[in-house]
Structure formats: C-alpha cells, structure tokens
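Examining the three-dimensional arrangement
Listed here are the chains, written in short residue letters.
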Amino acid sequence: MGGEQDSLGYIYKLVPDRPKPDFFKHLDNDKNILRFTARFNTRVPEDLDRRFIISFFLADDSIAIYEPEQKNSGIVSGKFLEKRKYKNFDKGGDWLTPTDMPLGGDVKINGHNFHILSCDDYTKKYLDGHLI
C-alpha cells in the first residue's frame, strides 16, 4: 500500500521514507569488497571468452560488474552493470548475497547468467571465516 499510517489508518505520506542504512554495518565494512572473476554462462561463440569482475560491497550489499579490456575482442570494456543492490529472482526475490556466488557455481544478476571462476585472497578468507 505504501505511506505511513496512524492508529486509525489515516495515511500521512504517499511516498514512504527511504529505509535508513545500517550505520554500524557500513562503518565496520567500509572499503571491504569481495571480488569474483566470472564469465558468461552461455553458448554464444562471441561471448565465450568474455571475462568479468564482480565486486560485492559489504558495506551496503551492492554489486558492480566490470569488464576488463581484452585485446582485439571488439567489445568495449568498462562498467558492465551499475553499482546497486540486485535481487536473486531464482531464490524468491531476496537480495543477492555472497552465498549466492559459490566458486564454480552459477549466478544470475539482472538477467545475465555468470559462471564464477575464482576470487581474490581476501574473498577466500572472508568466505571461509564467515559463511562456513
């Protein structure tokens, strides 16, 4: 329905206030980023060699995807997806979390299927310490 209501059901705001960010989560995880390397999970020949860096920002659970430059590929490198929170529609529409990106597994982000190839050392240590 939207909007704030009092005890009698009267609506005072048509547009609800933006949810407050978790201040302590943001403070504790500022500049902590999990980075995964991935490729498209597709059979299209032009997309088989494309590689991506998926960054998961722990401060606000947002995701950004970057495509590094590859020589003679003919594909423009750079930002592939904006930094924001994305939903996992394969698992009920909840927000994507690091557990949705297992090494060697697949993840669908904004309609694009990715196969997770590897991650950096910080990400391995974080996943070993927090998710298992």
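As shown above, the structure is provided for reference.
First, a word on scope: everything that follows refers to the structure included in this document. Keep in mind it's a predicted model, so treat the numbers as computed, not measured. (Residues numbered from 1 in each chain as written. Predicted model: local features only at pLDDT ≥ 70, side-chain atom pairs only at ≥ 80, totals over all residues. Heavy atoms only, no water.)

Examining the overall build of the protein
The number of helices and strands found in the protein is two helices and eight strands. When its helices and strands are written in sequence order, the protein yields α-β-β-β-β-β-β-β-β-α. By residue count, 30% of the 132 residues in the protein fall in the buried class. Of the contacts made within the protein by residues no fewer than 6 positions apart, 41% connect residues no fewer than 24 positions apart. (Helix = DSSP H or I, 4+ residues; strand = E, 2+ residues; numbered from the N terminus. Buried < 20%, exposed > 50% of the residue type's maximum accessible area, 1.4 Å probe, protein only. Contact = heavy atoms within 4.5 Å.)

Focus on the nonpolar core
Proteins that are soluble and globular tend to have nonpolar side chains buried together. Of all hydrophobic cores here, the largest spans 21 residues; its most connected members are Phe36, Ile54, Ile63, Ile65, Met101, Ile109 and Phe114. Those elements that provide at least two residues to this core are strand E1 (33-40), strand E2 (51-57), strand E3 (62-67), strand E7 (106-109), strand E8 (112-119) and helix H2 (121-130). Setting aside residues up to four positions removed in sequence, Ile63 forms contacts with Ile54, Ser55, Phe56, Glu82, Lys83, Arg84, Tyr86, Leu96, Met101 and Ile109. (Core = buried A, V, L, I, M, F, W, Y, C linked by side-chain atoms within 4.5 Å.)

A look at the side chain of Asp100
One can find Asp100 in the loop between strand E6 (94-95) and E7. Under the relative-accessibility criterion, Asp100 is labelled buried at 11%. The contacts of Asp100, once residues within four sequence positions are left out, are Asn88, Lys91, Trp95, Asp106 and Val107.

Considering the layout of surface pockets
In this structure, the largest pocket spans a volume of roughly 400 Å³. In terms of residue class, the lining of the largest pocket is made up of three nonpolar, one polar and seven charged. (1 Å grid on protein atoms, 1.4 Å probe; cavity = no way out; pocket = protein on both sides within 12 Å on 5 of 7 lines; lining within 4 Å. Points joined across faces, edges and corners; volume = space filled by probe spheres on them. Nonpolar A, V, L, I, M, F, W, Y, C, P; charged D, E, K, R; others polar.)

Brief notes about empty space enclosed by the protein
Applying the stated criterion across every chain, the model contains one cavity of 30 Å³ or more. A volume near 40 Å³ is recorded for the largest cavity. If you trace the largest cavity, you find it lined by Arg50, Glu67, Pro68, Glu69, Gln70, Ser73, Ile75 and Ser77. Broken down by class, the residue content of the lining of the largest cavity amounts to two nonpolar, three polar and three charged.

Notes on the sheet that holds E7
Ordered by their spatial adjacency, six strands build an open sheet running E4-E3-E2-E1-E8-E7, and the pairing between neighbours is antiparallel. Of all strands in the sheet, those with a lone pairing partner are strand E4 (78-84) and E7, marking the two edges. Across this sheet, the average inter-strand angle for adjacent strands is 30 degrees, counted without regard to direction. In the sheet, E1 pairs with E8 via five bridges, with the strands oriented antiparallel. Each bridged residue has a counterpart across the sheet, and for Thr37 the counterpart in E8 is Ser118. Contacts from H2 reach E1 and E8 within the one sheet, and its direction differs from that of E1 by about 110 degrees. (Pairing = 2+ DSSP bridges. Axes fitted to C-alpha atoms, helices over the stretch in contact; angles between N-to-C directions.)

Bear in mind that shape data such as this cannot, by itself, settle questions of function.
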